[in-house]
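Residues per chain, in single letters:
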Amino acid sequence: MKKLVLTTLFVVVFLTGFAKPIEVVPFLQSSAKGLPEKTNVPVLLPTYWEEQTKKPKRHTAVKVKAFENGYVIYFLSMDKHYRANDPALFHPRESSKTGELSGYVGNMTASERPNNFVFYKKKDGVSLWIQPWIKSIIYAKRGPWTLRFDGDNGDEPYQQADELFIAMKKADWLKRKNIQEGNINILGTRSEAYTSFSWETSDGFVYHFSYKGPIKEAVKIADSLKYVE
């Protein structure tokens, strides 16, 4: 019996030694090491981030802030590498801001459909409702998610909805995440959209992630978020 216990313990230790740690994206690795100790909020960080292909080449830099009941990370697109919280990052141009990730203790409520919106059509079994005069805003509800598409011209909100549905289906609508209630808002165009995710977990935390760029990239990053210790 004693031999069996020792053998089991050895196997557990052996497998633990080979367990692959959560690998956050390179530009966050130095910040990730001490971040969980600075806040009471479980820390979610991206494990995927594809640099946007622009000329000249851009590099993602971050400003990181941690509080007792929250944390926030600002993502900036810069012309060269910067260490996290470099003084040069504290007054960036608005055009340099590409996203934000935060978590805090709290709760949220679902956004209600405006009374004046009218039924537009169904997409994959989901009812889409549209603002009837300007016709630039679409509202929808799917599972825990409340969706809002705000296009600034033509049929852009419909195209936004198409893009998001395709990307979210590939990510199984983020069902692997602990999401009790959530909002997704998209503003702009498909290729240069401002996509915002907000959701509440079952243990009383609220997370927010926003990204400026292709909708499919925003979904990929949101899907890659993992808890770090």
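Residues numbered from 1 in each chain as written. Predicted model: local features only at pLDDT ≥ 70, side-chain atom pairs only at ≥ 80, totals over all residues. Heavy atoms only, no water.

Draft legend 1. Structural detail: the overall build of the chain. Within the chain one finds 4 helices and 12 strands. Going through the 229 residues of the chain one by one, you find that 44% of them count as buried. Here the contacts in the chain between residues at least 6 apart in sequence split such that 53% fall between residues at least 24 apart. Of the roughly 13,200 Å² that the chain leaves accessible, carbon and sulfur atoms contribute 54%. (Helix = DSSP H or I, 4+ residues; strand = E, 2+ residues; numbered from the N terminus. Buried < 20%, exposed > 50% of the residue type's maximum accessible area, 1.4 Å probe, protein only. Contact = heavy atoms within 4.5 Å. Areas by Shrake-Rupley, 256 points an atom, 1.4 Å probe, with all protein chains shown as cover.)

Draft legend 2. Structural view of the side chain of Arg58. The residue Arg58 is located in the loop between strand 1 (43-45) and strand 2 (59-67) in this model. Side-chain polar atoms of Arg58 contact the backbone oxygen of Ser77, separated by 2.7 Å. With near-sequence residues (within four places) excluded, Arg58 lies in contact with Glu51, Ser77, Met78, Asp79, Arg93 and Ser96. (Polar contact = N/O pair within 3.5 Å; in protein donor to acceptor, adjacent residues only side chain to side chain.)

Draft legend 3. Just the pairing of strand 7 (residues 137-142), in detail. Pairing of strand 6 (residues 126-130) with strand 7, which is carried by 3 bridges, proceeds in the antiparallel orientation. Of the residues in strand 7, the one forming a bridge with Ile130 is Ile138. Taken together, strand 6 and the strand that follows it, strand 7, pair antiparallel across an intervening segment of 6 residues, in which Lys135 is found at a positive phi of about 55°. Strand direction decides the pairing type here: strand 7 and strand 8 (residues 145-151), joined by 6 bridges, are antiparallel. (Pairing = 2+ DSSP bridges.)

Draft legend 4. Region of the structure containing the pattern of salt bridges. All told, the structure shown has 6 salt bridges when counted by the stated rule. Among the ionic pairs, Asp162 bridges to Lys123, the shortest N-O distance being 3.0 Å. On the criterion of sequence distance, the pair formed by Asp162 in helix 3 (residues 156-170) and Lys123 in strand 5 (residues 118-123) is long-range, its members being 39 residues apart. Residue Asp162 is classed as partly exposed on the basis of its relative accessible area, which comes to 32%. Assessed through its relative accessible area of 18%, Lys123 is described here as buried. For Lys141, the salt bridge identified is with Glu181, shortest N-O distance 2.9 Å. Within this pair, whereas Lys141 is found in strand 7, its partner Glu181 is found in strand 9 (residues 181-188), the two being separated by 40 residues in sequence. (Salt bridge = Lys/Arg side-chain N within 4 Å of Asp/Glu carboxyl O.)

Draft legend 5. The arrangement of the sheet that holds strand 10 (residues 193-200) in detail. Overall, mixed pairing links the 10 strands, which are arranged 2-3-4-11-10-9-8-7-6-5 in an open sheet. The open sheet has two free edges, formed respectively by strand 2 and strand 5, since each of these has just one partner strand. Strand-to-strand, the axes of this sheet are offset by a mean angle of 15°, without reference to chain direction. Strand direction decides the pairing type here: strand 8 and strand 9, joined by 7 bridges, are parallel. Residue pairing across strands places Thr146 opposite Asn183, the latter belonging to strand 9. Across the sheet, helix 3 touches strand 5, strand 6, strand 7, strand 8, strand 9 and strand 10, and the angle it forms with strand 8 is around 140°. (Axes fitted to C-alpha atoms, helices over the stretch in contact; angles between N-to-C directions.)

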